[in-house]
Amino acid sequence: RQHTADISLRMACANKAVSISHSFAASSPRVYRRPVRAVRGRTCAEASSMHFDAGIPLEGLPWGVEGSREVESRTFSYRDGDIALEAYMAWDAAKVAAEGPRPGVLVAHTAIGMQEYFITSCCQSLARLGYTAMALDLFGAGQCVLDKEVRNSILQPLRDDRRRLAKRVQAAYDALVNESSVVKETSGVAAVGFCLGGQAVLDLARANTAKGLRGVVSFHGVLDHPSIFTKSGEGKPPNALILHGESDPFTDEHKLRECLDGLTSLGMTWDLHVYSGAKHAFTRPEKTTDEDFDSGFQYDARAASQSWSSCKTFIE
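The notes below deal with the structure included here. (Residues numbered from 1 in each chain as written. Predicted model: local features only at pLDDT ≥ 70, side-chain atom pairs only at ≥ 80, totals over all residues. Heavy atoms only, no water.)

### Notes on unusual backbone geometry
And step 1. Unusually for a residue other than glycine, Cys 195 sits at a positive phi of about 55 degrees.
And step 2. Among the secondary structure elements, Cys 195 is positioned in the loop between strand 7 (189-194) and helix 6 (196-207).
And step 3. For Cys 195, a relative accessible area of 10% gives the class buried.
And step 4. Even without a glycine there, the phi angle at Ala 281 is positive, about 60 degrees.
And step 5. Structurally, the position occupied by Ala 281 is in the loop between strand 10 (270-275) and helix 8 (290-294).
And step 6. Look at Ala 281 and you get buried, because its relative accessible area is 2%. (Helix = DSSP H or I, 4+ residues; strand = E, 2+ residues; numbered from the N terminus. Buried < 20%, exposed > 50% of the residue type's maximum accessible area, 1.4 Å probe, protein only.)

The following block contains the structure:
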């Protein structure tokens, strides 16, 4: 079915997704790891012990088993002022050696943090597509933060000052573009974010401080319009692709409209894809319980697949 009048600007609508797949039950294989060679940074054992893994097979994630090339990865430290942060980067060393530096993609995590397989596997998939992908760190905690009170204590200063959030993402952007495996030409970097990360990359675009940033993608992001951002004379801001679930309880129609109008007021060009019936976190295959549904979260196989395809097209 089609959405029409309420969102009057450009919108792409998807048909209601099929019922939730049960192929990712606990009886399925754990996680199918593609070849990734870790270099520098922590050892593999140290890194895996710090990472959260929901136990979803790689083929069950939106990017799935895409490509067969071996990619390398490493973790490294960078800073936002006096805050120590951790990045995870993946790249195809053979392609870099043969063809030179690659376009960069910044990947922004959900509200639990960067150190989880969902995020690092996304970077690996992007590396197989020919990008140098880096997962940023908004928390500086060194691990996923599953305790809600602890997480809120970290996030509240960033929620209270959205320019501070944009600056935190800018620090990651600067770290990525300084890597030798990333092209240095203008408009060589894109950014994608999930949930909290969707909000974060939109704020980076709103701030318009990352001059080589050509576009941002928000997957079921927190959508609003912080009034602290105003149109600058520093050149055209990045484009935005917003991938949104129609039934996401965290963004009602008023907030969605406010977000889109705000982006327009900043001179941004945007596209909106709305997935009929999809809730928050529609890319997360583990979100299938009654408790998840009651909390506003639900995996949607069709929305996950279609949104990832749209993302790949957008960042090309």
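### A word on the state of the cysteines
And step 1. The full count for this structure, using the stated rule, is 0 disulfides.
And step 2. Counting only cysteine sulfurs, Cys 123 is the nearest neighbor of Cys 122, a cysteine outside any disulfide, at a range of 5.9 Å.
And step 3. Classification of Cys 122 by relative accessible area gives buried; the value is 0%. (Disulfide = S-S within 2.5 Å.)

### Things to note about the packing of aromatic side chains
For any pair of aromatic rings, the description rests on two quantities: the centre-to-centre distance and the angle between the ring planes.
And step 1. Enumeration over the complete set of coordinates arrives at 8 aromatic pairs.
And step 2. With 5.1 Å between their ring centres and 80 degrees between their planes, Phe 118 and Phe 194 make a pair best called edge-to-face. Placement of Phe 118 in helix 3 (residues 117-128) and of Phe 194 in strand 7 is noted, with a sequence separation of 76 residues between them. In this structure, Phe 118 and Phe 194 share a single accessibility class: buried.
And step 3. We note Lys 279 situated over the ring of Phe 293; from NZ or CZ to the ring centre the distance is 4.5 Å. (Phe/Tyr/Trp six-rings, centres within 6.5 Å; stacked < 30°, edge-to-face > 60°. Lys NZ or Arg CZ within 6 Å of the ring centre and 35° of its normal.)

### Let's talk about the pattern of salt bridges
And step 1. For the coordinates displayed, the defined rule picks out 12 salt bridges.
And step 2. Two residues, Lys 95 and Glu 99, come together in a salt bridge whose shortest N-O distance is 3.4 Å. Of this pair, Lys 95 and Glu 99 both sit in helix 2 (residues 93-99), 4 residues apart, which is roughly one turn of that helix.
And step 3. When its relative accessible area of 51% is taken as the criterion, Glu 99 is described as exposed. (Salt bridge = Lys/Arg side-chain N within 4 Å of Asp/Glu carboxyl O.)

### Digging into the nonpolar core
And step 1. Counting residues in each nonpolar core, the largest one holds 51 residues, and the members touching the most others are Tyr 78, Leu 106, Met 134, Leu 136, Leu 138, Leu 213 and Val 216.
And step 2. Element by element, the count of residues in this core is highest for helix 5 (residues 162-177), at 9 residues.
And step 3. Aside from chain neighbours lying at most four places away, what touches Leu 106 is Met 134, Leu 136, Val 169, Ala 172, Tyr 173, Leu 176, Ala 190, Ala 191 and Val 192.
And step 4. In terms of nonpolar packing, the next biggest core, distinct from the first, is built from 34 residues, Cys 123, Ala 133, Ala 135 and Leu 241 among them. (Core = buried A, V, L, I, M, F, W, Y, C linked by side-chain atoms within 4.5 Å. Contact = heavy atoms within 4.5 Å.)

### As for the packing of helix 4 (residues 148-160) against helix 5
Two measures define how a pair of helices packs: the angle their axes make with one another and the distance between the axes.
And step 1. Two elements in contact, helix 4 and helix 5, have axes whose closest approach is 4 Å; the angle formed by their N-to-C orientations is 110 degrees. As judged from the angle between their axes, helix 4 and helix 5 are roughly perpendicular. For the pair helix 4 and helix 5, contact is made by Pro 157, Leu 158, Arg 159 and Asp 160 and by Arg 162, Arg 164, Leu 165 and Arg 168, respectively.
And step 2. Each residue belonging to the contact of helix 4 with helix 5 can be placed in one class, and the counts come to 3 nonpolar, no polar and 5 charged. (Axes fitted to C-alpha atoms, helices over the stretch in contact; angles between N-to-C directions. Parallel < 35°, antiparallel > 145°, perpendicular 65-115°, else oblique. Nonpolar A, V, L, I, M, F, W, Y, C, P; charged D, E, K, R; others polar.)

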